[in-house]
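Chain and residue survey
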Amino acid sequence: MPTMDDILEHIGEFNFFQKQTFLFLALLSATFTPIYVGIVFLAFTPDHRCRSPGVPELSRRCGWSLAEELNYTVPGPGPEGQAFPRQCRRYEVDWNQSALGCVDPLAGLAANSSLLPLGPCRYGWVYDTPGSSVVTEFNLVCTNSWMLDLFQSAVNVGFFIGSVGIGYIADRFGRKLCLLITILINASSGVLMAISPNYTWMLIFRLIQGLVSKAGWLIGYILITEFVGLSYRRTVGILYQVAFTVGLLVLAGVAYVLPHWRWLQFTVTLPNFCFLLYYWCVPESPRWLISQNKDAKAMKIIKHIAKKNGKSLPTSLQSLGSDEEVGEKLNPSFLDLVRTPQIRKHTLILMYNWFTSSVLYQGLIMYMGLAGSNIYLDFLYSALVEFPAAFIILVTIDRVGRRHPWAASNMVAGAACLASVFIPEDLRWLRVTVVCLGRMGITMAYEMVCLVNAELYPTCIRNLGVLVCSSMCDIGGIITPFLVYRLTSIWHELPLVVFAVVGLVAGGLVLLLPETKGKTLPETIEEAENMQRPRKNKEKMIYLQVKKLDTPPN
């Protein structure tokens with residue numbers, strides 16, 4: 001019985017059809033960027049201070065510069081350099097009274113301005129920015145800062161729920177249908193978020209985007225890896241993620257041109273409507289159709305691929321064989337991810353590695369901070385480090401396999417975090433270099449877990465397995481800010497120690513997984529269970545079938 005990989009060897013593993021489909025799905029990958037990390041620009045918090053009625057008029061009357069206005073009318077920083085009083089408190093002073101002079105106007109009210117009573121920002125805030133963000137529009141600062149945390153958490157909660165639920169639907173009803181539904185909902189909710197009249201509606205549409213956007217991105221990843229042949233599978237998997245990195249660079253440029261969050265949100269969402277044209281451009285996965293015993297539809301798509309690639313399908317491969325026809329239709333179940341011992345082991349290790357990748361990837365960015373005040377350049381520089389990580393994977397993965405580079409990248413990330421704990425502060429250049437090395441290591445691990453995850457599950461539960469395991473990175477995204485900011489308040493280096501332990505353990509666990517280099521995608525649960533064993537029985541069976549076909553009838 002020929003497998004899908006056998007058929008692709010004859011009709012083209014990465015010819016015109018696969019290249020065209022990859023380009024379409026790579027565009028989908030790039031447009032996921034604004035949802036995943038767009039919070040940097042959509043909800044940036046500029047320097048701000050309480051709005052005090054009468055201050056602008058007094059400043060104009062006295063001819064103050066901005067620095068003089070801030071010095072005379074805004075409380076100074078709090079204890080140990082904390083900015084809370086300056087940003088969240090105001091002098092309880094009537095700035096409209098005519099008795100105030102232009103030189104140290106508070107001198108007549110108190111011998112020392114620190115003795116003046118402070119009150120909350122009852123009249124709103126003044127933000128030092130030429131643009132706008134959800135923070136400046138809805139005043140998500142000071143006592144309302146928890147609303148910004150909720151805004152950030154909502155999309156990760158959506159990622160988590162959507163990954164599990166839509167993963168099941170994609171394996172049950174097909175990749176293409178699920179992809180188109182997620183595209184439509186994502187585009188619609190994105191536009192509605194851009195025109196939301198208040199914070200509540202904005203939060204609801206942000207949650208809906210989270211429910212469908214990551215699931216759609218991962219369905220695209222599954223589709224492209226199922227369309228290409230064995231020798232190209234790892235390359236397109238990594239390049240699909242490189243398209244996400246390209247999206248990071250584009251996002252930085254678009255955000256620089258459009259500093260107002262509503263226009264930015266609207267602009268980065270509109271391209272998603274174009275992806276609805278994929279109904280005519282991207283077919284259903286033949287592998288999924290075969291797993292559902294829809295052989296006629298699968299063969300129709302296979303012939304379409306062959307025609308697009310300018311290849312002819314041999315007559316001997318135009319029948320998918322009787323094994324699929326007599327077998328029962330396979331419906332995916334969450335229990336399939338833990339029912340058998342090897343798949344259960346794969347599931348637990350993959351879930352931990354998704355969690356680790358998210359915590360270290362986001363945690364290192366938060367811990368390092370931005371080296372400067374230009375968020376656009378800082379964002380651009382942080383994105384560029386992902387390109388060499390992808391290049392290293394492409395160069396090494398076929399030479400030494402998946403498992404050892406993956407384990408090494410986790411261990412390098414963990415070791416870099418641990419080493420940076422002992423580097424003194426005065427060697428900042430060395431400290432930043434080591435942390436960047438850790439960032440590169442965890443970027444490699446992030447790309448590797450996405451690649452190998454799809455290779456370890458059989459077709460009938462592949463989409464479900466990827467989405468369920470990857471949901472752990474959403475859990476990591478939710479708790480990472482607490483790990484960084486809470487632990488830093490205890491000991492500044494404590495987050496790095498936690499990152500080191502988590503990364504080193506992840507690297508050790510990866511070594512327990514089977515090597516997938518040079519292996520065909522498993523089609524059944526039995527094949528996935530036997531991945532660490534040679535497939536001698538299957539090879540013998542195919543050989544006997546060939547001998548039988550070659551024998552002339554009596």
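Note: the structure precedes this text.
Since the structure is predicted, the reported quantities are computational estimates derived from the model, not experimental observations. (Residues numbered from 1 in each chain as written. Predicted model: local features only at pLDDT ≥ 70, side-chain atom pairs only at ≥ 80, totals over all residues. Heavy atoms only, no water.)

So, on to the overall build of the chain. Per the secondary structure count, the chain includes 27 helices and 4 strands. The 554 residues of the chain split such that 52% are buried. In the chain, the proportion of contacts linking residues at least 24 apart, taken out of those at least 6 apart, comes to 82%. As displayed, the chain offers around 24,900 Å² of accessible surface, 65% of which is attributable to carbon and sulfur atoms. (Helix = DSSP H or I, 4+ residues; strand = E, 2+ residues; numbered from the N terminus. Buried < 20%, exposed > 50% of the residue type's maximum accessible area, 1.4 Å probe, protein only. Contact = heavy atoms within 4.5 Å. Areas by Shrake-Rupley, 256 points an atom, 1.4 Å probe, with all protein chains shown as cover.)

If you walk through the whole model with that rule in mind, you get 2 disulfides. A disulfide bridge connects C50 with C121, and the sulfur atoms are separated by 1.6 Å. Pair noted here: C50 is in strand 1 (residues 48-50) and C121 is in the loop between strand 3 (118-120) and strand 4 (125-127), with a separation of 71 residues, a long-range link. With relative accessibility at 8%, the residue C50 sits in the buried group. The buried category is assigned to C121, whose relative accessible area is 11%. Linked covalently through their sulfurs, C88 and C142 form a disulfide whose S-S length is 1.9 Å. Note on the C88 and C142 pair: the S-S dihedral is about -90°, so by sign convention the disulfide is left-handed. (Disulfide = S-S within 2.5 Å.)

Taken together, the side chains of I169, F173, L177, I181, L184, I185, L270 and F273 present a nonpolar region at the surface, about 660 Å² in accessible area. At the level of secondary structure, the elements contributing two or more residues to the nonpolar patch comprise helix 9 (145-173) and helix 10 (175-194). With 4 residues, helix 10 is the single largest residue contributor to the nonpolar patch. Along the chain, the position of F173 falls in helix 9. (Patch = residues over 30% accessible without salt bridge, like charges linked within 9 Å, V, L, I, M, F, W, Y side chains within 5 Å. Salt bridge = Lys/Arg side-chain N within 4 Å of Asp/Glu carboxyl O.)

Moving on, we come to the side chain of E386. For E386, the location among the structural elements is in helix 21 (residues 386-400). Given a relative accessible area of 4%, E386 falls into the buried group. If sequence neighbours within four positions are ignored, E386 has contacts with T245, L248, Y361, R439, T443 and E447.

A word on unusual backbone geometry. Positive phi, normally seen in glycine, also occurs at N139, with a value near 55°. By the element assignment, N139 lies in the loop between helix 8 (134-138) and helix 9. In this structure, C142 takes a positive phi of about 55° despite not being glycine. When you line up the elements, C142 lands in the loop between helix 8 and helix 9.

Further remarks concern the nonpolar core. One finds V134, F151 and W406 to be the most contacted residues of the largest nonpolar core, which totals 138 residues. Among the elements that line this core, the one with the most residues is helix 11 (residues 199-227), at 14 residues. Among residues more than four places away in sequence, those in contact with V134 are L42, A43, N139, L140, F151, M202 and W261. Judged by nonpolar contacts, the second largest core, of 11 residues, contains L58, Y91, W95 and L116. (Core = buried A, V, L, I, M, F, W, Y, C linked by side-chain atoms within 4.5 Å.)

Topologically, P314 is positioned in the loop between helix 17 (295-308) and helix 18 (322-326). By relative accessible area, which is 25% here, P314 ends up partly exposed. In this structure, the C-alpha to C-alpha distance between P314 and I7, residues 307 residues apart in sequence, is 8.9 Å.

Turning our attention to the environment of E527. In this structure, E527 sits in helix 26 (residues 525-529). E527 sits in the buried class, given a relative accessible area of 17%. Sequence spacing of E527 and Y457 is 70 residues, and the spatial spacing of their C-alpha atoms is 9.1 Å.

Below, the discussion takes up the packing of aromatic side chains. Counted by the stated rule, this structure contains 22 aromatic pairs. Taking 5.3 Å as the distance between ring centres and 85° as the angle between the ring planes, the aromatic pair formed by F17 and F227 counts as edge-to-face. Taken together, the residues span a long stretch of sequence, with F17 in helix 2 (residues 16-30) and F227 in helix 11 at a distance of 210 residues. For F227, a relative accessible area of 1% corresponds to the buried category. Aromatic ring contacts, followed pair by pair, group F32, Y36, F159, W217, Y221, Y240 and F244 into a single cluster. The ring of Y279 carries K176 above its face, with NZ or CZ at 4.8 Å from the centroid. Geometry around W354 places K214 over its ring, the cationic atom sitting 5.9 Å from the centre. (Phe/Tyr/Trp six-rings, centres within 6.5 Å; stacked < 30°, edge-to-face > 60°. Lys NZ or Arg CZ within 6 Å of the ring centre and 35° of its normal.)

Purely spatial values, then, with no claim about function.
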